[in-house]
Amino acid sequence: MKELNLNAIPNHIAIILDGNGRWAKKRLQPRNIGHRKGAYNLRDIASECNKLGIKYLTVYCFSTENWKRPDEEVNYLMNTPIRYFKKYKSKIAQSSIRVKVIGRRDRFHKELLDTIIELEEITKDHQGITLTLCVDYGSQDEITTAVKQICSDVSKGKLKIEDINEATITNNLFTKDYPPLDLMIRTSGEYRISNYLLWQMAYSELYFTDVLWPDFNANELHKALIDFQGRNRRFGGLKKDESK
Ligand code: IPE
Ligand code: IPE
Ligand code: MG
């Protein structure tokens, strides 16, 4: 197997961290045990990404569709950042990780909202990786909101229709200040995107693995990165030696 090239580490990776429920089921445990293990795994993978020099890690924690799940599971997931933050606040404050949360915020309860604001505030000057948690995030919702904002700018005369271009859309998304997405990983053997970063992944490489999220360890991350490093990214063009 090839070795990981530390000089060709992607800037921005995204992960659809899927398979917590199946991980727990395999062990005859309730689904929430899988979510708990998944949260610890996120801590470990974020710190590995930080060590490797990845600048942005954007992870899918709760989709706009996940509200359809039973109340008990929704509550557990919504309270995970609060529990985690209470327990690890000083460690988070001392780390170099900058935390951001993107998604709708209008359906969060107050304690969650306060936790998110505090989490972002105490890490805002950290110089390491930017770890973005996508919570109540849906890409179609994000694009719809962007379209509404652009229409409002047009109707107020702040923007002309003929000046709308791809950058206008990009600049109205939650990820407006983020570098392009290089690699999108989905765990758990599902081959779909489930409403995640649809605009942002226009030219990202896709990597699917059967490994369930709680088992996706540093070694699995390295495998994904090695696979990525073997891809030929053409962005619609041709490399010099391919044009003959
Ligand atoms: C991913 O694990 C976490 C969330 C979607 C919140 P799942 O809960 O989807 O686990 P599976 O897919 O049922 O195994
Ligand atoms: C996608 O996983 C959402 C998150 C990982 C947060 P799901 O488990 O909700 O996706 P589907 O339902 O299998 O498409
Ligand atoms: Mg799932």
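None of these values were measured; they are calculated from a predicted model.

## Here's the deal with the pattern of salt bridges
At step 1: Under the counting rule described, the total for this entry stands at 23 salt bridges.
At step 2: Between Glu48 and Lys51 there is a salt bridge, with its nearest N and O atoms 3.8 Å apart. A residue pair is termed a helical-turn pair when its members lie 3 or 4 positions apart in one helix, as Glu48 and Lys51 do in helix 2 (residues 31-52) at three residues.
At step 3: Classification of Lys51 as exposed rests on a relative accessible area of 67%.
At step 4: The residue Lys110 makes a salt bridge to Asp114 at a minimum N-O spacing of 2.6 Å. In this pair, Lys110 and Asp114 both sit in helix 4 (residues 110-123), four residues apart, roughly one turn of the helix.

## A short note on the nonpolar core
At step 1: Counting 43 residues, the largest nonpolar core has Leu57, Ile185 and Leu221 as its most contacted members.
At step 2: Broken down by element, the residue count for this core peaks at eight residues, all from helix 3 (residues 71-94).
At step 3: Beyond its immediate sequence surroundings of up to four residues, Leu57 is in contact with Ile13, Ile15, Ala46, Cys49, Ile129, Thr130, Leu131 and Thr132.
At step 4: If you look at the next biggest cluster of nonpolar residues, it comprises 14 residues, including Ile16, Ile102, Ile193 and Met201.

## Focus: the site of ligand 2
At step 1: Taken together, the neighbourhood of ligand 2 is formed by Ile16, Leu17, Asp18, Tyr60, Cys61, Phe62, Ser63, Asn66, Arg69, Arg186, Arg192 and Ser194.
At step 2: Within the side chain of Arg186, one N or O atom sits 3.3 Å away from an oxygen atom of ligand 2.
At step 3: Compared with its free state, where it exposes 390 Å², ligand 2 has 78% of that area covered by protein.
At step 4: Here the element with the most residues in the shell around ligand 2 is strand 2 (residues 56-63); it accounts for four residues.
At step 5: Here the residues of the shell around ligand 2 sort into five nonpolar, three polar and four charged.

## Some details on the site of ligand 1
At step 1: In the region of ligand 1, 13 residues are neighbours, and Asp18, Gly21, Arg22, Arg31 and Arg69 sit closest.
At step 2: At 2.8 Å, a side-chain N or O of Asp18 approaches an oxygen atom of ligand 1.
At step 3: Gly21 is positioned such that a nitrogen or oxygen atom in its backbone is 2.9 Å from an oxygen atom of ligand 1.
At step 4: Compared with its free state, where it exposes 380 Å², ligand 1 has 88% of that area covered by protein.
At step 5: Those elements that place two or more of their residues in the shell around ligand 1 are helix 1 (20-26), helix 2 and helix 3.
At step 6: Taken together, the residues of the shell around ligand 1 sort by class into three nonpolar, five polar and five charged.

## Quick word on the side chain of Thr187
At step 1: Relative to the elements of secondary structure, Thr187 occurs in the loop between strand 5 (183-186) and strand 6 (205-208).
At step 2: Looking at Thr187, its side chain comes within polar contact range of the main-chain oxygen of Asp18, at 2.7 Å.
At step 3: Setting aside anything within four residues of it in sequence, one finds Thr187 in contact with Ile16, Leu17, Asp18, Thr209, Val211, Leu212, Trp213 and Phe216.

## Looking at the pairing of strand 3 (residues 98-102)
One face of the sheet, then the other: side chains in a regular strand alternate in exactly this way.
At step 1: Direction of pairing for strand 3 relative to strand 4 (residues 130-137): parallel, over a ladder of five bridges. What sits directly across from Val99, in strand 4, is Leu131.
At step 2: Taking the sense of rotation as the criterion, the β-α-β connection linking strand 3, helix 4 and strand 4 turns out left-handed.

## Section: the pairing of strand 1 (residues 12-16)
At step 1: Most of strand 1 is tucked away: five of the five residues are buried.
At step 2: Side chains of strand 1 alternate between two faces, with His12, Ala14 and Ile16 and Ile13 and Ile15 buried alike.
At step 3: Here strand 1 pairs with strand 2 via five bridges, running parallel. Paired with Ala14 across the strands is Thr58, a residue of strand 2.
At step 4: The sheet contact formed by strand 1 and strand 5 spans four bridges and is parallel. Directly across from Ile16, in strand 5, lies its bridge partner Arg186.

The rules behind the values
Residues numbered from 1 in each chain as written. Chains lettered and ligands numbered in written order. Predicted model: local features only at pLDDT ≥ 70, side-chain atom pairs only at ≥ 80, totals over all residues. Heavy atoms only, no water. Salt bridge = Lys/Arg side-chain N within 4 Å of Asp/Glu carboxyl O. Helix = DSSP H or I, 4+ residues; strand = E, 2+ residues; numbered from the N terminus. Buried < 20%, exposed > 50% of the residue type's maximum accessible area, 1.4 Å probe, protein only. Core = buried A, V, L, I, M, F, W, Y, C linked by side-chain atoms within 4.5 Å. Contact = heavy atoms within 4.5 Å. Near = heavy atom within 4 Å. Polar contact = N/O pair within 3.5 Å; in protein donor to acceptor, adjacent residues only side chain to side chain. Areas by Shrake-Rupley, 256 points an atom, 1.4 Å probe, with all protein chains shown as cover. Nonpolar A, V, L, I, M, F, W, Y, C, P; charged D, E, K, R; others polar. Pairing = 2+ DSSP bridges. Right-handed = clockwise from strand over helix to strand, strands pointing away.

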